[in-house]
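Notes for the structure review
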Amino acid sequence: MEQQESPRWWAVVAVMIGIFLLVTAEQLPIGLLSQVADSMGVTPGMAGLMVTVPGVVAAFSAPLLPVAVGRLDRRIMLTLMMAVMVLGSVLSAMASNFVFLLAARVLVGISIGGFWAIAGSIAPRLVPSAQVPKAMTIIFGGVAAASVLGVPLGTLLGDLSNWRVAFGALGGLSLITALALWRWLPPLPPREPVRLRVLAQQLKNRGVRVAVLTTGFVVVGHFAAYTFISPILQEISGIAQRHVGSLLLLYGAAGILGNIAAGVFAGRHPYRAVLAIPSLLLVVVALFPLLGVQPISGVMLLMVWGAVFGSVSVSIQTWILRTAPNTEAATALMAFVFNMSIGLGAMVGGQVVDTTSLPMAMWAASGLFLLGMLLVWRTPSRIVGEKRR
């Protein structure tokens, strides 16, 4: 165990900002989908590949990059991954056609996966053991902040200017973050070789299997519909495109409230917290094409949607802490599943939107939420130490 003379909180903050920017970059096309589709002359379903490509690449980069780089100092690796993010963002902003844009998004996916794989285990090397939980909370707060603030703010910037400015701004902020990481991180040689075998071993535990499958159903379902939230709000709820960015900020605020509420509730009732997520999403998303046909009802349903999905990370992570034999390995496995599910959800949703309609994509997503709800319902609550009432 490395001894810390004093906590390196600036390094912790730099890692958190890195995660914030990377997750924002991964999901930013959701809010800019209509703009990019019109600018590049592609369908909304095709534009959804901007989310699919980095999601899939990040999913495989997370377990494979640490193996590939061997004993490279993790300080160097984190800085390099942020530099790759700079390049991917700048090339995205400069893309002259959609194929070039997707190629730039591959670089974003590589940086997300490589950075995430190291960031998840870096807190004990930056602060004393008693302060590790606080450092972990700060670092992974970047994930929630990106989903509920980064994407809406990026969308608003794109609405006020254009989508290229939003991507360019990400590149500039990533450059500053890369310099901060190099300045504030200490040398971080790897402690032991990274092995893939331990990840697969986690699936022998029923609690981990349920968490992984439920995460897959929920995240694929969410992004099959939410990737197209801009056209959904415009075509179903009759909301002008110029208001989408502002509404996603409200969605983000609802997500923060949902995250806080779930953090309190899941600590006492992890089973019921996880069961509530697919159950509530099923109701909200299935009813959206039927009830969200006016601006006010569409906004209300969007707020509930944001609050429920904002509770996913803390609720599932609490479940993992209660059930996983190796929480670090299980968390890495969840990162793979989460990122793969983002990409898969956007791809599935795009296919459904292009071949049928936006309402059908939402109902297909609801079917996945139903599967997630049934999976949790059929799982004994005692595996997370909770009695079912």
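Please refer to the structure higher up on the page.
Let us look at the structure shown here. (Residues numbered from 1 in each chain as written. Predicted model: local features only at pLDDT ≥ 70, side-chain atom pairs only at ≥ 80, totals over all residues. Heavy atoms only, no water.)

1. Topic: a nonpolar patch on the surface
The following threshold applies: For patch detection, residues must exceed 30% relative accessible area and be free of salt bridges, and they are connected within 9 Å for like charges or within 5 Å for nonpolar side chains (Val, Leu, Ile, Met, Phe, Trp, Tyr). Using a 1.4 Å probe, the Shrake-Rupley method yields the accessible areas, and only the shown protein chains count as cover for residues. Any carboxyl oxygen of Asp or Glu that lies within 4 Å of a side-chain nitrogen of Lys or Arg is treated as forming a salt bridge with it. Only DSSP runs of H or I covering at least 4 residues are called helices, and only runs of E covering at least 2 are called strands; the numbering of each starts at the N terminus.
A contiguous nonpolar patch, built from Val283, Leu287, Leu290, Leu291, Met360 and Trp363 and spanning about 540 Å² of accessible area, is present on the exposed surface. Elements with a minimum of two residues in the nonpolar patch: α13 (270–291) and α17 (358–377). Per-element tally for the nonpolar patch: the top contributor is α13, with four residues. Locating Met360 in the fold gives a position in helix α17.

2. Focus on the packing of aromatic side chains
In plain terms, the rule: Between the rings of Phe, Tyr and Trp (Trp by its six-membered ring), a pair exists once the centres lie within 6.5 Å; its type follows the angle of the planes, with under 30 degrees stacked, over 60 edge-to-face, and the other angles tilted.
Throughout the structure, instances matching the rule amount to eight aromatic pairs. With a centroid separation of 5.8 Å and an interplanar angle of 80°, the aromatic rings of Trp163 and Phe167 are classed as edge-to-face. Pair noted here: Trp163 and Phe167 are both in helix α8 (residues 163–184), with a separation of four residues, about one helical turn. Where Phe288 meets Trp305, the ring centres are 6.2 Å apart and the plane angle is 65°; that geometry is what we call edge-to-face. A residue pair is termed long-range when its members are at least 10 positions apart, and Phe288 in helix α13 and Trp305 in helix α14 (residues 295–309) qualify at 17 residues.

3. As for the packing of helix α12 (residues 244–268) against helix α15 (residues 312–323)
Packed helices, taken two at a time, are described by the angle their axes make and the gap between the axes. The following threshold applies: Helix axes use the C-alpha atoms of the stretch in contact, all axes being lines fitted to C-alpha atoms, and the angles between their N-to-C directions lie in the range 0 to 180 degrees. These descriptions rest on fixed angle ranges, namely under 35 degrees for roughly parallel, over 145 for roughly antiparallel, 65 to 115 for roughly perpendicular, and the rest for oblique. Helix crossings are classified by the rotation of the near helix relative to the far one: an anticlockwise turn of less than a right angle makes the crossing left-handed, while a clockwise turn makes it right-handed. Should any heavy atoms of two residues lie within 4.5 Å, those residues are counted as being in contact. Under the scheme applied, nonpolar residues are Ala, Val, Leu, Ile, Met, Phe, Trp, Tyr, Cys and Pro; charged residues are Asp, Glu, Lys and Arg; polar residues are all the others, including Gly.
Two numbers describe how α12 lies on α15: the axes approach to 9 Å, and their chain directions differ by 25°. Relative to α15, the element α12 is oriented roughly parallel. In terms of crossing hand, the pair formed by α12 and α15 is right-handed. Side by side, α12 and α15 meet where Asn259, Ala262, Gly263, Ala266 and Gly267 of the first sit next to Val314, Ser315, Thr318 and Arg322 of the second. Class assignment for the residues of the contact of α12 with α15 results in three nonpolar, five polar and one charged.

4. Looking at the side chain of Gln35
On the secondary structure map, Gln35 appears in helix α2 (residues 33–40). Look past the residues within four positions of Gln35 in its chain and what remains in contact with it is Gly158, Asp159, Asn162, Trp163 and Gln241.

5. Things to note about empty space enclosed by the protein
To find leftover empty space, one rolls a probe the size of a water molecule over the atoms. Heads up, the condition is: Whether a set of points on the 1 Å grid over the protein atoms alone is a cavity depends on a 1.4 Å probe fitting there but being unable to get out, while an open set qualifies as a pocket with protein on both sides within 12 Å along at least five of seven lines; lining residues are those with an atom within 4 Å of a point. Grid points are joined across faces, edges and corners, and a volume is the space filled by probe spheres set on the points.
Summed over the entire model, instances satisfying the criterion amount to two cavities of 30 Å³ or more. Space inside the largest cavity adds up to approximately 220 Å³. Looking at the largest cavity, it is lined by 17 residues, and the ones nearest its centre are Ala144, Ser147, Val148, Phe309 and Gly310. Of all elements in the fold, only α7 (132–160), α10 (206–226), α12, α14 and α15 reach the threshold of two or more residues within the lining of the largest cavity. Element by element, the count of residues in the lining of the largest cavity is highest for α7, at five residues.

6. Side note on the environment of Ala261
As a reminder, the rule being used: Only protein chains enter the area calculation, which uses a 1.4 Å probe; residues under 20% of their type maximum are buried, those over 50% are exposed, and those in between are partly exposed.
Along the polypeptide, Ala261 turns up in helix α12. With a relative accessible area of 46%, Ala261 lands in the partly exposed category. Considered as a pair, Ala261 and Gly310 are 49 residues apart in the sequence and their alpha carbons are 9.6 Å apart.

Keep in mind these values describe shape, not function.
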